[in-house]
Amino acid sequence: MPGPFDLEDVQAYREWREEKLSFAATRIEVIELGNPRNLRTSEREALLASCARTNTAIYRSPITHEDKSLPRLLGLQLGLERLDGNYLADDDGISSITPGAGTRGEFIPYTDRAIGWHTDGYYNPASRRIRAMTLHCVRAAEEGGESALMDHELAYILLRDEDPEFVRALSAPEVMTIPPRLEGEALARPAETGPVFSVDEREGVLHMRYTARGVNIAWKDDEPTRAARAALERLLSESPYVVRLRLEPGMGIVCNNVLHARTAFRDTPQRRRLLYRARYYDRIAARAELKSAAR
Ligand SMILES: [Fe+2]
């Protein structure tokens, strides 16, 4: 399909790249919200415009009590309706990310450990592609728990500019396989094989499926793949477009499932870190809206 993400369509790529880089930010612009459950028109427009430019918006609000209706209502106002029914999510499809006991404690998000670079739902089948994700901080940890974010479209640009073969390697349909997950003898999730970079056929937007995890991921075993993975890891460690912040109570992130990571943290019984996370099959703002989002 011709367009900016077709390696042969150099003209479309140049135009898209130029516009995209004109919006690229190396610092965080935090949007103040009075009540994320009930946005003013100007607040909603500011969130949508930020997402159209950088696939991400960061907000600060005074709402710091436990209320799981907040992420659901905020999402609805941004066109996010179809929640992913993660089996670890609470019944309403919104996960309480907090260090927990039991089954959840086996999974890194529900511990105090660092989480490397990834996009959400990289182990999901294409039919359950996570196009958007939100985080709302109810309580921060005693220390640590800093987030890092990078617009996956900028990662694509930096890779393609360095060597289009990196993009070609990471777009191969068999480049990354997540092995099946077993619960005892039972198959809890089948193996998932797919590309890192793909283009959403319906909307023509770029989707990225990635995890930096070294274990339990089967990468295509050839030199172009190794070179592309190394280039991606390098740029995630040194790019000026990596945004780092610590979510404080009332703050949150809404994004089109950009690359993200988190540092380890330490909390106490008095200050138990709690974030609400919602994952959606919907996307926040289409690329077509970019032009109208110009500052
Ligand atoms: Fe994540």
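Just above, that's the structure.
Residues numbered from 1 in each chain as written. Predicted model: local features only at pLDDT ≥ 70, side-chain atom pairs only at ≥ 80, totals over all residues. Heavy atoms only, no water.

Novice: Can you walk me through the coordination of the iron ion in this structure?
Specialist: Ideal geometry at a metal gives 109.5 degrees between four tetrahedral donors and either 90 or 180 degrees between six octahedral ones. The coordination sphere of the iron ion contains the protein donors His 118 (NE2), Asp 120 (OD) and His 260 (NE2), at a distance range of 2.0 to 2.2 Å. In terms of primary sequence, the donors binding the iron ion are separated according to H-x1-D-x139-H. In this structure Asp 120 comes out as buried when scored by relative accessible area, which is 3%. (Donors = N, O, S within 2.8 Å, 3.2 Å for Na, K, Ca; no water. Buried < 20%, exposed > 50% of the residue type's maximum accessible area, 1.4 Å probe, protein only.)

Novice: Can you help me understand the state of the cysteines in this one?
Specialist: Two cysteines, two sulfur atoms, one covalent bond between them: this is a disulfide. Applying the stated criterion across every chain yields a total of zero disulfides. Cysteine Cys 137 shares no disulfide, and the gap to the nearest cysteine sulfur, in Cys 255, comes to 15 Å. Exposure remark for Cys 137: the relative accessible area of 0% places this residue in the buried category. Looking at Cys 255, it has no disulfide partner, and the nearest cysteine sulfur is the one in Cys 51, 7.5 Å off. (Disulfide = S-S within 2.5 Å.)

Novice: Sorry if this is basic, but what is going on with the sheet that holds strand S5 (residues 132-139) here?
Specialist: What holds strands together in a sheet is hydrogen bonding between their backbones, with the strands either parallel or antiparallel. Spatial strand order, S1-S2-S16-S5-S19-S3: six strands in an open sheet with mixed pairing. Pairing within the sheet leaves two strands with one partner each, and these edge strands are strand S1 (30-32) and strand S3 (94-97). Recorded for the sheet is a direction-independent mean angle of 25° between the axes of neighbouring strands. Sheet topology places strand S2 (residues 56-60) next to strand S16 (residues 252-255); four bridges connect them, and they run antiparallel. Across the sheet, the residue bridging to Ile 58 is Ile 253, located in S16. Contacting S1, S2 and S16, helix H2 (residues 41-54) runs over the sheet at an angle of about 145° to S2. Most of the contacts of helix H3 (residues 69-77) go to strand S19 (residues 274-280), to which it runs at about 35°, and overall it touches S2, S3, S5, S16 and S19. (Pairing = 2+ DSSP bridges. Helix = DSSP H or I, 4+ residues; strand = E, 2+ residues; numbered from the N terminus. Axes fitted to C-alpha atoms, helices over the stretch in contact; angles between N-to-C directions. Contact = heavy atoms within 4.5 Å.)

Novice: Where do I start with the nonpolar core in this structure?
Specialist: Where a protein is soluble and globular, its nonpolar side chains tend to be buried together. One finds Trp 117, Met 150, Leu 159, Val 196, Tyr 210 and Leu 232 to be the most contacted residues of the largest nonpolar core, which totals 37 residues. Those elements that place two or more of their residues in this core are helix H1 (10-23), strand S7 (147-150), helix H4 (152-162), helix H5 (164-170), strand S8 (176-178), strand S13 (206-208), helix H6 (223-238) and strand S17 (259-262). Once residues lying within four places of it in the same chain are set aside, the contact partners of Val 196 are Leu 170, Val 175, Met 176, His 207, Met 208, Arg 209, Tyr 210 and Trp 219. Formed by 22 residues, the second largest nonpolar core is a distinct cluster that contains Leu 47, Leu 80, Val 138 and Val 254. (Core = buried A, V, L, I, M, F, W, Y, C linked by side-chain atoms within 4.5 Å.)

Novice: How do you make sense of the environment of Arg 202 when you look at a structure like this?
Specialist: Structurally, Arg 202 is set in the loop between strand S12 (197-199) and S13. Accessibility expressed as a relative area gives 60% for Arg 202, which makes it exposed. Each C-alpha atom of the pair Arg 202 and Glu 32 lies 33 Å from the other, and the pair is 170 residues apart in sequence. Setting aside its immediate chain neighbours within four residues, Arg 202 contacts Arg 82 and Arg 131.

Novice: Mind showing me how you'd approach the packing of H4 against H6 here?
Specialist: For any two helices packed against each other, the geometry comes down to the angle between their axes and how far apart the axes lie. One can describe the packing of H4 onto H6 by two numbers: an axis separation of 10 Å at closest approach and a directional angle of 125°. Here H6 runs oblique to H4, going by the angle between their axes. The crossing of H4 and H6 is right-handed. Every residue of H6 that contacts H4 at Ala 155, Leu 158, Leu 159 and Glu 162 is listed here: Ala 228, Ala 231, Leu 232, Arg 234 and Leu 235. Each residue belonging to the contact of H4 with H6 can be placed in one class, and the counts come to seven nonpolar, no polar and two charged. (Parallel < 35°, antiparallel > 145°, perpendicular 65-115°, else oblique. Left-handed = near helix turned anticlockwise from the far one by under 90°. Nonpolar A, V, L, I, M, F, W, Y, C, P; charged D, E, K, R; others polar.)

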